[in-house]
Amino acid sequence: MVVDFRKSKSPPSPVCISGTDVEIVPSYRFLGVQLDNKLEWSTNTDAVYKKAMSRLYFLRRLRSFSVCSRMLQMFYQSVMASTIFFAAVCWGAGIKAKDANRLNKLIKKAGSVVGCRLDNLDEVVRDRMVLKLRTIMDSPSHPLHNTVDKLRSSFSNRLLQPRCSKERYRKSFLPSAIRLYNSSKPSQ
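Keep in mind that what you see is a predicted model, and the values were worked out from it rather than measured. (Residues numbered from 1 in each chain as written. Predicted model: local features only at pLDDT ≥ 70, side-chain atom pairs only at ≥ 80, totals over all residues. Heavy atoms only, no water.)

### What about the pattern of salt bridges?
Here is the rule: Between Lys or Arg on one side and Asp or Glu on the other, a salt bridge is scored when a side-chain nitrogen of the former is within 4 Å of a carboxyl oxygen of the latter. When accessible area is computed with a 1.4 Å probe and restricted to protein chains, residues below 20% of their type maximum are described as buried, those above 50% as exposed, and intermediate ones as partly exposed.
Under the criterion given, the structure shown has eight salt bridges. Across the pair Arg126 and Asp127 runs a salt bridge, and its minimum N-O distance is 3.7 Å. Among the residues examined, Asp127 registers a relative accessible area of 44% and is labelled partly exposed. Salt bridges here are not isolated pairs; linked through shared partners, they connect Arg117, Asp119 and Glu123.

This is the structure:
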């Protein structure tokens, strides 16, 4: 996969490994997450939506067998939510509003099947990103620890926002997590 954001794109030179040309692909599945050559998340959202819809079918089937609400909730959390929110820390801040709405509608449908309100995408992404950032801040062995540590404000418990010249970087994990961390309530 070739990721190229230059305005004048020239075709990449072919890469040959052991006498075999490497195929250029527009998207690639890596560790269960669909990455595309524009670093957008629509391809990943489509894959997540398709998987979650098939699991919603099973959730509805369970309800048709008069399974109790607690068991339906357990099935949702273990089978459906794990699919929807997999690697949400990675893609959650950069997802388009159209894709987020699509996943939120799916979560709302699951909530009506289960019979209770379920956390929407924004809430889960916010909580997981702040939790991940706090884990990074508390773990000196984490590769991002020094980067985050340098962003600590000397006057308050806040983190300084890194400079983001591109929208793509502004929507990535670190700037988004810092923005959420600074806006969250201070922990006791």
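### Structural notes on the UniProt feature "domain: Alkylated DNA repair protein AlkB homologue 8 N-terminal" (unreviewed entry) in the protein
Definition in use: UniProt positions are given in the numbering used here, feature names are shortened, and annotations may be inferred rather than shown by experiment. We count a stretch as a helix when DSSP gives it H or I for four or more residues in a row; a strand needs E for two or more, and each element gets its number in order from the N terminus.
UniProt records the feature "domain: Alkylated DNA repair protein AlkB homologue 8 N-terminal" (unreviewed entry) at residues 41–79, using the numbering of this structure. Helix and strand shares over residues 41–79 are 87% and 0% respectively, and the end C-alpha atoms of the span are 22 Å apart.

### Let's talk about the domain arrangement of the protein
Threshold: Annotation comment: domain bounds sourced from an automatic or database domain assignment. A contact between two residues is defined here by any heavy atoms of the two lying within 4.5 Å. Identification of polar contacts relies on pairs of N or O atoms within 3.5 Å, with a donor-acceptor requirement for protein atoms, meaning one able to donate a hydrogen and the other able to accept it, and with residues adjacent in sequence counted only if both atoms are side-chain atoms. Residue classes follow a fixed rule: Ala, Val, Leu, Ile, Met, Phe, Trp, Tyr, Cys and Pro count as nonpolar, while Asp, Glu, Lys and Arg count as charged, and any other residue, Gly among them, counts as polar.
According to the domain assignment, the protein consists of domain 1 (28–121) and domain 2 (124–178). Relative placement of domain 1 and domain 2: their C-alpha centres are 26 Å apart. Domain 1 puts ten residues into the contact, and the matching count from domain 2 is ten residues. Where domain 1 meets domain 2, there are zero salt bridges. Here domain 1 is connected to domain 2 by four residue pairs in polar contact (both at pLDDT 80 or more). Of the residues belonging to the side of domain 1 that touches domain 2, the class tally is six nonpolar, three polar and one charged.

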